[in-house]
Amino acid sequence: MSVSTILNVSTAKLEQQTHGSPGCALWDPLELIYRMVFQGFYNRIHELQIYEKQLYGPIYRDGLKSVSVNTPKLLEEIMRNDEKFPSRGDMSVWKDYRDMKGVGYGPFTEEGDKWYNLRVMLNKRMLHPKDSEQYGEVITDVVTDFTKRIHYLCQCSPTGDLVTNMANELYLFSLEGIASILFETRVGCLEKEIPAGTHDFINAISQMFTNSMAVFVLPKWSRNLLPYWGRYIAGWDGIFSFSKNLIDKKMEAIQQCVDNSQDVKGEYLTYLLSNTEMSLKDVYGSITELLLAGVDTTSNTLTWTLHLLSSHPQIQDKLYKEGSTFIPADRIPTAAEITRMPYLRAVVKEALRYPNLSILSKLLFLQTSFAFCHYAISHDEDTFPEPFTFKPERWLRDGRERPNPFGSIPFGFGVRGCVGRRIAELEMYMVLFQLIRLFEIKPDPTMGKVKCISRTVLIPDQPVNLRFVDRRCENAV
Ligand code: HEM
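Model, not experiment: these values are computed from the prediction.

### Digging into the pattern of salt bridges
Consideration 1: Scanning the entire structure with this criterion turns up 27 salt bridges.
Consideration 2: Between Glu184 and Lys250 there is a salt bridge, and its shortest N-O distance comes to 2.9 Å. Taken together, the residues Glu184 in the loop between helix H9 (166-182) and helix H10 (196-217) and Lys250 in helix H11 (residues 228-259) connect sequence positions 66 residues apart. Taken individually, Glu184 and Lys250 each receive the classification buried, so the pair is uniform in this respect.
Consideration 3: Between Lys244 and Asp248 there is a salt bridge, with its nearest N and O atoms 3.0 Å apart. Here the residue Lys244 and the residue Asp248 both occupy positions in helix H11, the gap between them amounting to 4 residues, near one helical turn.
Consideration 4: Through salt bridges that share partners, Asp145, Lys148, Glu176 and Arg186 make up one connected network.

As structure tokens, this is what we get:
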């Protein structure tokens, strides 16, 4: 059955048509529990998608009553019919905190025309490919500090070149990067001693996320009986108080300039704070949600990319050669230059497809809840020959046939797509360029084979350690 057929029938008709017709299974919620618990798919949701595709075909009604879609063509057909105000699934537990404390909504929690108006303002200076160029210098400073930290960590390691738990280091890098753009100030994540306020903020984010699943699944009446809700609220309190403090400081600085008749200079936060259509409450809500969206996503992608590069030395070599050809060794590339490096772009695009950050997304469309199985889609054999091989070349624009773009949409698509895409890409290109220029990255021989496990995103099943062999020492030998 094609998606257009589905879009043209009512939900009731869909029930009839999917029940028992070939390729369209309507399976029981109990089957889902069986798959998760007894077949062990609990932390391998991505593999479950491939398994179900083989069983039920490209489109079927799943045990949660959503219509699951798992080919690029069908995904494209639905996405291109998207509504003006697409809905982001259930964000009620995030909204509960904001309603309770009278805090503003941001792009994740806002809906309908309010969401649309917010996005119109947030997109400016962020979403256009050229917009990220203004953040080049800020990111270069963060990258420079990060490479110093890598040198320092290597020196502290017994072999002189090992960094353990890269995900943790890249989390600090991503938080410092996005915070320095959003707050227009550094927050000290890459210092040897992380400042206490920043440390508390990192703990608050972790506390909020750790308790959110329990808060989401447990009934509301249990909130005052069990500890999760209290911890979840305390997490959010810590997150908002950190953001508010930095935004208020910026506001004071702007006010001082205005009082002294000086020009107000600044970037994103200054623009939002000076925007008369945005209340201070909107700014607190939006900046906080942008911040949360921009840390794990970027750091997880970087962890996978570096792991893949360490296990594919030929690809790493090509990347190094591209960098040396494009930019002289004594110069750091500008944001405009780095976004023009085809192989670097292809490596990041392939890393975003291959372990695949976002495995599942939901969309409510014409009263039908769709579940897009991104892992199955981005491993579709017709679109990606050898889908389980890391092959950046498939994305090069050198005359070869390129895959259907809907085969991999790591940043989403359309008006509700990722607002931070250009910033994330710039951060990733910059830090990868510098790391590959300075080091040859090798796997830690004591580690076993790294597999993917599914949480909200796909993460490695063990801490990823890497060896950073200084290219200057190598060349000297
Ligand atoms: C590798 C890094 C990143 C990836 C893979 C990623 C991916 C995504 C995806 C898949 C969505 C959902 C899109 C949809 O529903 O169609 C999204 C939404 C969003 N992202 Fe990102 N993101 C990344 C980095 C960032 C950064 C750095 C920021 C902040 C500057 C950010 C801010 C947001 C926001 C605010 C939304 C919600 C948009 C809305 O609902 O209007 N993301 N992102």
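Moving on from the coordinates now.
### Considering the layout of surface pockets
Consideration 1: One number sums up the size of the second largest pocket: a volume of about 590 Å³.
Consideration 2: In terms of lining, the second largest pocket is formed by 23 residues, of which the most central are Arg345, Lys349, Arg397, Arg402 and Arg421.
Consideration 3: For the lining of the second largest pocket, the elements supplying multiple residues, two or more each, are helix H17 (342-356) and helix H19 (421-438).
Consideration 4: The element that contributes the greatest number of residues to the lining of the second largest pocket is H17, accounting for 6 residues.
Consideration 5: Classifying every residue of the lining of the second largest pocket by side-chain character gives 13 nonpolar, 2 polar and 8 charged.
Consideration 6: Counting contributing residues per domain, the lining of the second largest pocket is built from domain 1 (1-81 + 358-409) and domain 2 (92-357 + 411-470), each supplying no fewer than three.

### A few points about helix H13 (residues 280-293)
Consideration 1: Over its 14 residues, H13 runs 20 Å from end to end, which matches the ideal 20 Å to within 8%, given 1.5 Å per residue.
Consideration 2: Burial analysis of H13 places 10 of its 14 residues in the buried class, which makes it a mostly covered element.

### Observations concerning the coordination of the iron atom of the ligand
Consideration 1: Only one protein atom coordinates the iron atom of the ligand: Cys418 (SG), located 2.3 Å from the metal.
Consideration 2: Within the fold, Cys418 resides in the loop between helix H18 (374-377) and H19.

### Observations concerning the packing of H9 against H10
Consideration 1: Contact pair H9 / H10: the axes reach a minimum separation of 13 Å and the direction vectors enclose 110°. Judged by the angle between their axes, H9 and H10 are roughly perpendicular. Mapping the contact onto sequence places Tyr171, Leu172 and Leu175 in H9 and Phe201, Ile202 and Ile205 in H10.

### Structural notes on the environment of Pro443
Consideration 1: Relative to the elements of secondary structure, Pro443 occurs in strand S6 (residues 439-443).
Consideration 2: Remark: the alpha-carbon pair of Pro443 and His312, spanning 131 residues in sequence, is separated by 9.8 Å.
Consideration 3: Those residues within four positions of Pro443 in sequence are excluded, and the remaining contacts are Ser310 and Arg467.

### Brief notes about the side chain of Glu322
Consideration 1: Take Glu322: it is sitting in helix H15 (residues 313-326).
Consideration 2: Despite its burial, Glu322 pairs with no opposite charge; the closest candidate is Arg345, at 8.9 Å N-O.

### Structural notes on the domain arrangement of the chain
In many reports, interface size means the accessible area that the parts give up when they come together.
Consideration 1: Looking at the assigned domains, one finds that the chain contains domain 1 (1-81 + 358-409) and domain 2 (92-357 + 411-470).
Consideration 2: Measuring from the centre of the C-alpha atoms in domain 1 to the corresponding centre in domain 2 gives 28 Å.
Consideration 3: Counting residues at the interface gives 27 residues for domain 1 and 26 residues for domain 2.
Consideration 4: Together, the buried faces of domain 1 and domain 2 total about 2,300 Å²; carbon and sulfur atoms form 60% of this surface.
Consideration 5: Seen at the junction of domain 1 and domain 2, the total is 2 salt bridges.
Consideration 6: In this structure, Lys318 and Glu393 form a salt bridge, with 2.9 Å as the shortest nitrogen-oxygen distance.
Consideration 7: Inspection of the region where domain 1 meets domain 2 yields 15 residue pairs in polar contact (both at pLDDT 80 or more).

### Description of the site of the ligand
Consideration 1: In the neighbourhood of the ligand, 25 residues make up the surrounding shell, with Arg88, Trp115, Arg119, Arg416 and Cys418 lying closest.
Consideration 2: Within the contact set of the ligand, an oxygen atom lies 3.3 Å away from a backbone nitrogen or oxygen of Pro107.
Consideration 3: Between an oxygen atom of the ligand and a side-chain N or O atom of Trp115, the distance comes to 2.8 Å.
Consideration 4: Elements represented by at least two residues in the shell around the ligand include exactly helix H7 (112-123), H13, helix H14 (296-311) and H19.
Consideration 5: Per-element tally for the shell around the ligand: the top contributor is H14, with 3 residues.
Consideration 6: Among the residues making up the shell around the ligand, the classes are represented as 15 nonpolar, 7 polar and 3 charged.

### Let's talk about the packing of aromatic side chains
Two aromatic rings are characterised by how far apart their centres lie and by the angle between their planes.
Consideration 1: Inspection of the entire model under this criterion finds 21 aromatic pairs.
Consideration 2: Through pairs of rings, three or more aromatic residues link up here, namely Trp94, Tyr97, Phe108, Trp229, Tyr232, Trp236 and Phe240.
Consideration 3: The ring of Trp395 carries Lys349 above its face, with NZ or CZ at 4.3 Å from the centroid.
Consideration 4: Above the ring of Tyr320, the side-chain terminus of Arg471 is found at 3.9 Å from the ring centroid.

### Considering empty space enclosed by the protein
Consideration 1: For the coordinates displayed, the defined rule picks out 3 cavities of 30 Å³ or more.
Consideration 2: Put simply, the second largest cavity is a space of about 50 Å³.
Consideration 3: Taken together, Ala214, Val215, Leu218, Pro219, Ser222, Arg223, Leu226, Tyr228 and Trp229 make up the full set of residues lining the second largest cavity.
Consideration 4: Tallied by class, residues from the lining of the second largest cavity come to 7 nonpolar, 1 polar and 1 charged.

What counts, and at which threshold
- Residues numbered from 1 in each chain as written.
- Predicted model: local features only at pLDDT ≥ 70, side-chain atom pairs only at ≥ 80, totals over all residues.
- Heavy atoms only, no water.
- Salt bridge = Lys/Arg side-chain N within 4 Å of Asp/Glu carboxyl O.
- Helix = DSSP H or I, 4+ residues; strand = E, 2+ residues; numbered from the N terminus.
- Buried < 20%, exposed > 50% of the residue type's maximum accessible area, 1.4 Å probe, protein only.
- 1 Å grid on protein atoms, 1.4 Å probe; cavity = no way out; pocket = protein on both sides within 12 Å on 5 of 7 lines; lining within 4 Å.
- Points joined across faces, edges and corners; volume = space filled by probe spheres on them.
- Nonpolar A, V, L, I, M, F, W, Y, C, P; charged D, E, K, R; others polar.
- Domains from an automatic or database assignment.
- Expected span 1.5 Å × (residues − 1).
- Donors = N, O, S within 2.8 Å, 3.2 Å for Na, K, Ca; no water.
- Axes fitted to C-alpha atoms, helices over the stretch in contact; angles between N-to-C directions.
- Parallel < 35°, antiparallel > 145°, perpendicular 65-115°, else oblique.
- Contact = heavy atoms within 4.5 Å.
- Lys, Arg positive; Asp, Glu negative; His and termini not counted.
- Buried area = accessible area lost by both parts, 1.4 Å probe.
- Polar contact = N/O pair within 3.5 Å; in protein donor to acceptor, adjacent residues only side chain to side chain.
- Near = heavy atom within 4 Å.
- Phe/Tyr/Trp six-rings, centres within 6.5 Å; stacked < 30°, edge-to-face > 60°.
- Lys NZ or Arg CZ within 6 Å of the ring centre and 35° of its normal.

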